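This is what each chain is made of:
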Amino acid sequence: MRVGIYARVSTLIGQSPEMQLAELREYASRRGWEILGEYVDHRFSEATQSRPELNRLMADAHTRQFDAVLVWKIDRFGRSLKHLVNSLADLSAYGVAFISLRDNLDLSTPSGRLMFQIIGAMAEFERSLIQERVRAGLRNAKLKGKMLGRPRRIVNGDQMARLREKGQVFVR
């Protein structure tokens, strides 16, 4: 079987896609699968609407460059339950299977599709809870009089004008 593997990390601080990729490569190797492409998005959070490598993977799936998409975990692939369902419907229409290593899901089977729906719904619920907690924390901080965001910078307008005249300040 020919596979395309996808990995994503939200930040490069303390995160590396290499752990995901190593496990995915080993999994494919044990099964005798040929990896036709590795698609890795760096610094893209789950909520990010456009991920270049995910877009490229879906375009390659559309042209049937591989038989299956192999991911480390569902939450590395989808942004929301709606995105997952739509992406999986697209993959199915292309004749490309979806396999999640850590979730032990092979969506070419009915039981795999059912488990995916349950896990996807729980992941979206968890994300909503986290967003709600962050908003509540920000509201609480405002009520306590805390200043949110970066501190303001004091800028001397005359000094800036002199530096601009000398060509030493970049103007947008």
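Residues numbered from 1 in each chain as written. Predicted model: local features only at pLDDT ≥ 70, side-chain atom pairs only at ≥ 80, totals over all residues. Heavy atoms only, no water.

K.L.:
How should I be thinking about unusual backbone geometry in this particular structure?
P.N.:
The general pattern is negative phi for most residues beyond glycine and trans for most peptide bonds. For Arg 64, which is not glycine, the phi dihedral falls at a positive 55 degrees. Relative to the assigned elements, Arg 64 resides in the loop between α2 (52–62) and β3 (68–71). (Helix = DSSP H or I, 4+ residues; strand = E, 2+ residues; numbered from the N terminus.)

K.L.:
I would appreciate a short explanation of a nonpolar patch on the surface in the present structure.
P.N.:
Side chains of Leu 114, Met 115, Ile 118, Met 122 and Phe 125 sit close together on the surface and give an oily, nonpolar patch of about 510 Å² of accessible area. Examined against the element boundaries, Phe 125 turns out to sit in helix α5 (residues 110–143). (Patch = residues over 30% accessible without salt bridge, like charges linked within 9 Å, V, L, I, M, F, W, Y side chains within 5 Å. Areas by Shrake-Rupley, 256 points an atom, 1.4 Å probe, with all protein chains shown as cover. Salt bridge = Lys/Arg side-chain N within 4 Å of Asp/Glu carboxyl O.)

K.L.:
Explain the pairing of β3 here, please?
P.N.:
Regular strands have side chains that alternate between both faces of the sheet. The two faces of β3 match: Ala 68 and Leu 70 on one face and Val 69 and Val 71 on the other face are all buried. Sheet topology note: the strand β1 (residues 2–9)/β3 ladder contains 4 bridges and is parallel. The residue of β3 that forms the bridge with Val 3 is Ala 68. Bridge count between β3 and strand β4 (residues 97–100): 4 bridges; the pairing is parallel. Looking across to β4, one finds that Leu 70 is bridged to Ile 99. (Buried < 20%, exposed > 50% of the residue type's maximum accessible area, 1.4 Å probe, protein only. Pairing = 2+ DSSP bridges.)

K.L.:
When you look at the nonpolar core in this model, what are you seeing that I'm missing?
P.N.:
It is characteristic of soluble globular proteins that their nonpolar side chains tend to be buried jointly. If you look at the biggest cluster of nonpolar residues, it comprises 19 residues, and the most contacted ones within it are Leu 57, Val 69, Phe 77, Leu 91 and Phe 98. Elements with a contribution of two residues or more to this core: α2, β3, α3 (74–77) and α4 (81–94). Beyond its immediate stretch of four places on either side in the chain, Phe 77 contacts Tyr 6, Arg 51, Leu 54, Leu 57, Met 58, Val 69, Val 71, His 83, Leu 84, Ser 87, Leu 91 and Phe 98. (Core = buried A, V, L, I, M, F, W, Y, C linked by side-chain atoms within 4.5 Å. Contact = heavy atoms within 4.5 Å.)

K.L.:
Looking at this structure, I do not really get the environment of Leu 36. What am I missing?
P.N.:
Here Leu 36 lies in strand β2 (residues 34–42). Taking C-alpha positions, Leu 36 is 13 Å from Leu 24, a pair spaced 12 residues apart along the chain. In this structure Leu 36 touches Arg 2, Val 3, Gln 65 and Phe 66, once residues within four positions along its chain are discounted.

K.L.:
Even after reading the chapter, I still don't get helix α1 (residues 18–30), so can you show me in this structure?
P.N.:
For an α-helix the count is 3.6 residues per turn, leaving residues at separations of three or four pointing the same way. Helix length check: α1 (13 residues) gives 18 Å between terminal C-alpha atoms against 18 Å at 1.5 Å per residue, within 8%. Residues of α1 that are buried: Gln 20, Leu 21, Leu 24, Tyr 27 and Ala 28. Looking straight down α1, one finds its buried side chains confined to an arc of 130 degrees; they lie on one side. Residues of α1 that are exposed and point over 90 degrees away from its buried face: Ser 29 and Arg 30. Buried residues belonging to α1 abut β1, β2, β3, α3 and β4. Backbone geometry just downstream of α1 places Gly 32 in the positive-phi region, at approximately 75 degrees. (Expected span 1.5 Å × (residues − 1). Arc of directions from axis to C-beta.)

K.L.:
What is the right way to read the layout of surface pockets from this model?
P.N.:
In this model, the largest pocket occupies a volume close to 220 Å³. Along its surface, the largest pocket is lined by 14 residues, and Leu 88, Ala 89, Ser 92, Leu 107 and Arg 113 are the ones closest to its centre. Those elements giving two or more residues to the lining of the largest pocket turn out to be α4, β4 and α5. When its residues are assigned to classes, the lining of the largest pocket shows 9 nonpolar, 4 polar and 1 charged. (1 Å grid on protein atoms, 1.4 Å probe; cavity = no way out; pocket = protein on both sides within 12 Å on 5 of 7 lines; lining within 4 Å. Points joined across faces, edges and corners; volume = space filled by probe spheres on them. Nonpolar A, V, L, I, M, F, W, Y, C, P; charged D, E, K, R; others polar.)

K.L.:
Can you walk me through the packing of aromatic side chains in this structure?
P.N.:
Remark: the centre distance and the inter-plane angle together describe each pair of aromatic rings, the angle taken between the planes. Under the counting rule described, the total for this entry stands at 4 aromatic pairs. Summarising the aromatic geometry, the rings of Tyr 39 and Phe 66 are spaced 6.1 Å apart at their centres and angled 65 degrees between planes, so their arrangement reads as edge-to-face. Taken together, the residues Tyr 39 in strand β2 and Phe 66 in the loop between α2 and β3 connect sequence positions 27 residues apart. Classification of Phe 66 by relative accessible area gives buried; the value is 1%. Cluster of aromatic residues (ring-pair linked, three or more members): Tyr 6, Phe 77 and Phe 98. (Phe/Tyr/Trp six-rings, centres within 6.5 Å; stacked < 30°, edge-to-face > 60°.)

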